[in-house]
Amino acid sequence: MRTLTVCNFVTIDGRYEDDDHDIASLFEHHHADYGGTDTFDHYNAGLLREAGTLLLSGRRSALGNLGYWAGVRDDPSATAIRREFAELIERVEKVVVSDTITEADLAPYPNTRIVAVADARAEVARLKTLDGPGILILLGRILWNDLMHAGLVDELHLVTFPLIAGGGVPLFDARPPVALRLLESRAWPESGQVLMRWRVDTPAA
């Protein structure tokens, strides 16, 4: 049985992105002492090394991320960990949940297939029954919110950045019927980031 892990950036006031669906503006008041730190890159790369499937969702999010990381692979100015992350994304099996993305859109990105939104819960449940490394979601807030309501998320990793959004998109759309048990907390003083790793239990569990 494979596990499904979600990892997400979050501001200290619980925001996922700004009202324009971007995070760049959130860093306007990022403390100068934390400039250039790559703690989050290293943590996500570690999760991706151990994953067998990466779930992506939404046309803007999925294609934006696939395109961005494809560019990082050949960017000589990118850090070593970001280039490694880009290589990991290229190699891993990728499942994109979308009703608007086409095979032509995904032609530049190997090891990628499409699942319709209506089929996402059933496909994730099927993937979890298979043997092999786990399933990972990075970003994909709408998808993993839905999967949490369906009782399909096993772990939720939230990395709080030292940022106050003051508005924007909340991490959760509604309260899912789950109970959280803390597995680990960790602080990275060099970046001001704090990890909370939760086990997600459904009422039936």
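Residues numbered from 1 in each chain as written. Predicted model: local features only at pLDDT ≥ 70, side-chain atom pairs only at ≥ 80, totals over all residues. Heavy atoms only, no water.

Q: I'm lost on the nonpolar core in this one. Help?
A: Within soluble globular proteins, side chains that are nonpolar tend to cluster in buried spots. Core analysis: the biggest nonpolar cluster contains 34 residues, and Leu48, Leu54 and Val159 have the highest contact counts within it. Breaking this core down by element, the ones donating at least two residues are strand E1 (4–10), helix H1 (39–49), strand E3 (51–57), helix H2 (59–73), helix H3 (80–91) and strand E6 (134–138). Leaving out residues up to four positions away in the same chain, Val159 has contacts with Cys7, Asn8, Phe9, Val10, Phe40, Tyr43, Trp188, Gln193, Val194 and Leu195. Membership of the second largest hydrophobic core comes to 24 residues, among which are Leu4, Val6, Tyr16 and Val95. (Core = buried A, V, L, I, M, F, W, Y, C linked by side-chain atoms within 4.5 Å. Buried < 20%, exposed > 50% of the residue type's maximum accessible area, 1.4 Å probe, protein only. Helix = DSSP H or I, 4+ residues; strand = E, 2+ residues; numbered from the N terminus. Contact = heavy atoms within 4.5 Å.)

Q: Can you walk me through H2 in this structure?
A: Helical periodicity: at 3.6 residues per turn, an α-helix aligns residues three or four positions apart in one direction. With 15 residues, H2 should cover 21 Å at 1.5 Å per step; its first-to-last C-alpha distance of 21 Å lies within 8% of that length. For H2, the complete set of buried residues consists of Ser61, Ala62, Leu63, Leu66, Trp69 and Val72. Where the residues of H2 are buried, they touch E3, H3, strand E4 (93–97) and helix H4 (103–106). (Expected span 1.5 Å × (residues − 1).)

Q: What's the story with the packing of H2 against H3 in this structure? I'm lost.
A: Each packed pair of helices is defined by two parameters, the angle between the axes and the distance between the axes. Close contact between H2 and H3 brings their axes to 8 Å; oriented N to C, the two are set at 125°. By the angle class used here, H2 and H3 are oblique. Of the two elements, H2 crosses H3, and the hand of that crossing is left-handed. Between H2 and H3, the contacting residues are Leu66, Tyr68, Trp69, Val72 and Arg73 on the first element and Arg82, Arg83, Phe85, Ala86, Glu87, Ile89 and Glu90 on the second. A per-class count over the contact of H2 with H3 returns seven nonpolar, no polar and five charged. (Axes fitted to C-alpha atoms, helices over the stretch in contact; angles between N-to-C directions. Parallel < 35°, antiparallel > 145°, perpendicular 65-115°, else oblique. Left-handed = near helix turned anticlockwise from the far one by under 90°. Nonpolar A, V, L, I, M, F, W, Y, C, P; charged D, E, K, R; others polar.)

Q: Just checking my understanding: could you explain the packing of aromatic side chains for this structure?
A: Given two aromatic rings, one states the distance between the centres and the angle between the planes to describe the pair. Counting across every chain of the model gives eight aromatic pairs. Residues Phe9 and Phe27 carry aromatic rings whose centres are separated by 6.2 Å and whose planes lie at 20° to one another, so their mutual orientation is stacked. On the criterion of sequence distance, the pair formed by Phe9 in strand E1 and Phe27 in the loop between strand E2 (15–17) and H1 is long-range, its members being 18 residues apart. Seen from their ring centres, Phe40 and Phe161 are 5.3 Å apart, and the 90° between their planes marks the pair as edge-to-face. Separated by 121 residues along the polypeptide, Phe40 in helix H1 and Phe161 in the loop between strand E7 (155–160) and strand E8 (169–170) bring together distant segments of the chain. The pair Phe40 / Phe161 is uniform in exposure class, with both members buried. Grouped by ring-pair contacts, the aromatic residues Phe9, Phe27, Phe40 and Phe161 constitute a single cluster. Positioned over the ring face of Tyr16 is Arg141, at 5.8 Å from the centre of the ring. (Phe/Tyr/Trp six-rings, centres within 6.5 Å; stacked < 30°, edge-to-face > 60°. Lys NZ or Arg CZ within 6 Å of the ring centre and 35° of its normal.)

Q: Help me out: how do you make sense of H1 in this one?
A: The buried fraction of H1 amounts to nine of the eleven residues, a majority that puts the element mostly inside the structure. The complete set of buried residues in H1 reads Thr39, Phe40, Asp41, Tyr43, Asn44, Ala45, Gly46, Leu47 and Leu48.

Q: Explain the pairing of E4 to me, please; I cannot follow it from the model alone.
A: Sheet faces and side chains relate simply in a regular strand, where the side chains alternate between the two faces. With four of five residues buried, E4 is to be regarded as a mostly interior element. Pairing analysis gives five bridges linking E3 to E4, with the strands arranged parallel. Its bridge partner lying in E4, Ser57 is registered against Val97. Bridge count for E4 against strand E5 (residues 112–115) is four bridges, and the pairing is parallel. Bridge pairing links Val97 to Val115 in E5. (Pairing = 2+ DSSP bridges.)

Spatial relationships are all this shows, so hold off on functional conclusions.
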